[in-house]
Amino acid sequence: MAGLLALRGLSRNCGVASRFGALRLNGLYRVTSRPLLPATCTQALPPSQQLLATSLVRSTAPEIEQAGHDHVLHWTAERILTLVLMGVIPAAFVWPTPSLEYFMALSLTLHSHWGVEAIVVDYIRPSVFGKIIPKLAVGAVYALSIATLGGLCYFIYTDVGIVNAVKLLWKL
Amino acid sequence: MAAALRLAAKGCWAAGPRPAVLQGPLVTQWTRAVFTSPSAAALKSQSAEDYWAKNKRLRRPVSPHLTIYKPQITSMLSITHRGTGLALSALVSGLGIGMVVLPGSYPHYLAMIQAMQFGGGIIMGAKFLIALPFMFHLCNGVRHLVWDLGYGFTLRALYKSGYLVVAVSVVLAAIAAAM
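Conventions we followed
Residues numbered from 1 in each chain as written. Chains lettered and ligands numbered in written order. Predicted model: local features only at pLDDT ≥ 70, side-chain atom pairs only at ≥ 80, totals over all residues. Heavy atoms only, no water. Axes fitted to C-alpha atoms, helices over the stretch in contact; angles between N-to-C directions. Helix = DSSP H or I, 4+ residues; strand = E, 2+ residues; numbered from the N terminus. Left-handed = near helix turned anticlockwise from the far one by under 90°. Contact = heavy atoms within 4.5 Å. UniProt positions renumbered as here; feature names shortened; annotations may be inferred. Buried < 20%, exposed > 50% of the residue type's maximum accessible area, 1.4 Å probe, protein only. Core = buried A, V, L, I, M, F, W, Y, C linked by side-chain atoms within 4.5 Å. Patch = residues over 30% accessible without salt bridge, like charges linked within 9 Å, V, L, I, M, F, W, Y side chains within 5 Å. Areas by Shrake-Rupley, 256 points an atom, 1.4 Å probe, with all protein chains shown as cover. Salt bridge = Lys/Arg side-chain N within 4 Å of Asp/Glu carboxyl O. Expected span 1.5 Å × (residues − 1). Parallel < 35°, antiparallel > 145°, perpendicular 65-115°, else oblique. Nonpolar A, V, L, I, M, F, W, Y, C, P; charged D, E, K, R; others polar.

Draft legend 1. Representation of the packing of helix α9 (residues 132–158) of chain A against helix α5 (residues 73–101) of chain B within the structure. Relative to each other, α9(A) and α5(B) sit at 65°, their axes nearing to 7 Å. For the pair α9(A) and α5(B), the crossing hand works out as left-handed. Residues Leu144(A), Ala147(A), Thr148(A), Gly151(A), Leu152(A), Tyr154(A) and Phe155(A) of α9(A) form the contact with α5(B), whose own contacting residues are Val92(B), Ser93(B), Leu95(B), Gly96(B), Ile97(B), Met99(B) and Val100(B).

Written out as structure tokens, the structure is:
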């Protein structure tokens, strides 16, 4: 849902809004807001009609609550990184220089970090795991990504490097 | 209870006098509801409880979802995209962290695998199994980027592109395995 809202924002900036006119997405962008009746009004109703009145429940989505900021920049950065990664990996195989290897390791780790973070945020939710565990889980993802990047840089520096690792494995 | 609800919905005089907000044609009621928000006093008198806390308190059961929904190419490819991404991430993290933690060098461990003398078929099979998640994630990733540009959201296009991604992934993985 957040992604769709971001997409709308992106389209407005990119000037491709006309393309969205052709999409059959009626109803997907509408943010539903249930009409809230004042309490005094509800109490005056007979019990049968009180059942029909909606109660005041916070209807904000948890992920928007947790984020507290605009997701558009992050979303855009993710797409740009994907394109960069799709270019860097073949480039590193064609021109196996150390600088391209380090850049590929960085792009790979960042792409993987954002992906795993999204998975953890999606499934390790406060409504299921409480308040502390989700935060610890996200912290663990950061630790894993930092360790991975450090390990890959160590591997490139001291050992054969990522591209050679794949090439040697494939020669088996 | 059902009869009372029906009376209330029809707005019959037998249900009793109704407040102003529920009077008039439905269009007027909806317009009134959209353009009025609860007064500050009304908001204070009712506590805003978290959705999950409220339903937990009322001990309401959750409707079945994953157990009853028919698997479709849309959802199956989506979760596979996530799964392959996770697997590839585990591979990359395994390589990075493993090569720091383990004592030997990469050629050392390669020699260990070579010493196991697997047959050509097994090696090709293993290469295919490694290449397939990567190729699928790549192809489906392109499909995602096409969506992000705004194309391909009709049901026909979704199904066609889905099948195309699966076919191209298998072909690319087979080519990689043969190399």
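So much for the structure itself; the text now carries on.
Draft legend 2. Structural detail: the UniProt feature "binding site: heme b" (unreviewed entry) in chain A. Mapped onto this numbering, the UniProt entry annotates "binding site: heme b" (unreviewed entry) at His111(A). Apart from the residues within four sequence positions on either side, His111(A) is in contact with Leu81(A), Thr82(A), Leu85(A) and His137(B).

Draft legend 3. Molecular detail of the environment of Thr74(B). Residue and element names in this part refer to chain B. Here Thr 74 is to be found in helix α5. Its relative accessible area of 28% is what places Thr 74 among the partly exposed residues. Taking the C-alpha atoms as reference points, Thr 74 and Leu 158, separated by 84 residues in sequence, lie 7.2 Å from one another.

Draft legend 4. Region of interest: the UniProt feature "binding site: a ubiquinone" (unreviewed entry) in chain A. UniProt records the feature "binding site: a ubiquinone" (unreviewed entry) at Tyr123(A), using the numbering of this structure. Note on placement: Tyr123(A) falls in helix α7 (residues 98–123). Using a relative accessible area of 41% as the deciding quantity, one classes Tyr123(A) as partly exposed. Residue contacts for Tyr123(A): discarding those within four places in its chain leaves Phe129(A), Ile79(B) and Arg82(B).

Draft legend 5. Just the nonpolar core, in detail. Membership of the largest hydrophobic core is limited to 12 residues, which are Leu85(A), Val88(A), Ile89(A), Ala92(A), Met104(A), Ala105(A), Leu108(A), Leu152(A), Ile156(A), Ile162(A), Val163(A) and Val92(B). When residues of this core are traced back to their parent elements, those giving at least two are α6 (72–94), α7, α9 and α10 (162–171) of chain A. With 4 residues, α6(A) is the largest single contributor of residues to this core. Setting aside chain neighbours within four positions, we find Val163(A) in contact with Ala92(A), Phe93(A), Glu101(A) and Met104(A). Core analysis: the next-biggest nonpolar cluster, separate from the first, contains 6 residues, Met99(B), Tyr106(B), Tyr109(B) and Leu110(B) among them.

Draft legend 6. Molecular detail of a nonpolar patch on the surface. On the surface, a cluster of nonpolar side chains totalling about 650 Å² of accessible area is made up of Leu83(A), Met86(A), Phe134(B), Leu138(B), Val142(B), Val146(B), Leu149(B) and Tyr151(B). If you list the elements that add at least two residues to the nonpolar patch, you get α6 of chain A together with α7 (120–148) of chain B. With 4 residues, α7(B) is the largest single contributor of residues to the nonpolar patch. Val142(B) gets classed as partly exposed once you look at its relative accessible area, which sits at 34%.

Draft legend 7. Region of the structure containing helix α8 (residues 155–178) of chain B. With 24 residues, α8(B) should reach 34 Å at 1.5 Å per residue; the first-to-last C-alpha distance of 35 Å fits that figure. For α8(B), the full list of buried residues reads Leu158(B), Gly162(B), Val165(B), Ser169(B), Ala173(B), Ala176(B) and Ala177(B). Contacts from the buried residues of α8(B) go to α10 of chain A together with α5 and α7 of chain B.

Draft legend 8. A look at the packing of α6(A) against α7(A). Residue and element names in this part refer to chain A. At a minimum axis separation of 9 Å, α6 and α7 run at an interaxial angle of 140°. When the axis of α6 is compared with that of α7, the two are oblique. The handedness of the crossing between α6 and α7 comes out as left-handed. On the side of α6, the interface is formed by His 74, Ala 77, Glu 78, Leu 81, Thr 82, Val 84, Leu 85, Val 88, Ile 89, Ala 91 and Ala 92, while α7 contributes Leu 100, Phe 103, Met 104, Ser 107, Leu 108, Leu 110, His 111 and Trp 114. Taken together, the residues of the contact of α6 with α7 break down into 14 nonpolar, 4 polar and 1 charged.

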